[in-house]
Amino acid sequence: MEAKVDRPGAFQLGGVNLVSYASFDGDGTPKRLDIRNLIVEFNIYEDLNSPFLSGDITLIDGTNAIQELPITGFERLEFFFRTPGATKGFDFSIKSGHPMFVYALENRQSVNPRSQIYTLKFVSLEAIRDHQTRVSQAFTGGVDQMIIDVCKNYLKTKKDMLIEDTAGNFKLVMPRIKPTAVIEYLRKEATSLHYRNSGFHFYETAMGFNFKSYEGLFCKKDGSPREPKAHYAVKVKNIMKKE
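Residues numbered from 1 in each chain as written. Predicted model: local features only at pLDDT ≥ 70, side-chain atom pairs only at ≥ 80, totals over all residues. Heavy atoms only, no water.

**Q** I would appreciate a short explanation of helix H2 (residues 125-132) in the present structure.
**A** Given 3.6 residues to a turn, an α-helix orients residues that are three or four positions apart in the same direction. Those residues of H2 not exposed but buried are Glu126, Ala127, Ile128 and Asp130. Of the surrounding elements, those touching the buried residues of H2 are strand S9 (100-112), strand S10 (115-124), helix H4 (179-189) and strand S15 (208-213). (Buried < 20%, exposed > 50% of the residue type's maximum accessible area, 1.4 Å probe, protein only. Helix = DSSP H or I, 4+ residues; strand = E, 2+ residues; numbered from the N terminus. Contact = heavy atoms within 4.5 Å.)

Structure (structure tokens):
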């Protein structure tokens, strides 16, 4: 029977596996620990002003998972999260999706002599690559093609990308900077090919990476622009002094 939303805030969350680079018996098989029953709070963040997905999990740990794995950073986090009845969700499984990676352990406190509470923060793999990679290259062509080039060759993403067409051709040289710094520069230079506006956002959702103009974000499902509701014009205010 298909699950349905029966209350506000309802969700489906399967096993949450934390995978370490270490192995239990030294045979090279990574340690895998299901922390689903330890979770007391779970957050995933999608932000138009942030290039990557991120999130955090708060755990009450009575199993000493920190030392058992141990948690040292860059552990792989695998899970599937969605709204009941929805066909799509956040697929961070290793088989059909793209796992997240732990980058910080914060707010560690003792609850009692046998348990402790702490928060694990995680991000997309591309966010980690962004900190490890520098771009030193001359780009030629449209901004949209440059964005695709950076995502594929420097962030090395295998996720879907929805990149809006841009107008114009450019020749730009990037002097050994982070991929997101390149994208931020290109974002400010881009103009839409289909809409009469400038201004773009680069962001990640459960569906993949997006590079969309402001009007492209508000367009109809078929891609056509919405009818304007009002028109505004900039005019100089009358500042003449009265006699």
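Let us keep going from here.
**Q** Explain unusual backbone geometry here, please?
**A** The phi angle of most residues is negative, glycine excepted, and most peptide bonds adopt the trans form. With phi around 70°, Phe74 is a residue other than glycine that occupies positive phi space. Secondary-structure assignment places Phe74 in the loop between helix H1 (65-68) and strand S6 (76-78). You can call Phe74 partly exposed: its relative accessible area is 39%. A positive phi angle is found at Arg176, which is not glycine, with a value near 55°. Counting through the fold element by element, Arg176 comes out in strand S13 (residues 170-177).

**Q** How do you make sense of the sheet that holds strand S8 (residues 90-91) when you look at a structure like this?
**A** The pairing of strands in a sheet comes from backbone hydrogen bonds and takes either a parallel or an antiparallel form. In space, the 3 strands of this open sheet follow the order S1-S7-S8, with antiparallel pairing throughout. Every interior strand has two partners, whereas the edge strands, strand S1 (12-13) and S8, have only one. Where strand S7 (residues 80-82) and S8 come together, 2 bridges link them in antiparallel fashion. Looking across to S8, one finds that Phe80 is bridged to Asp91. (Pairing = 2+ DSSP bridges.)

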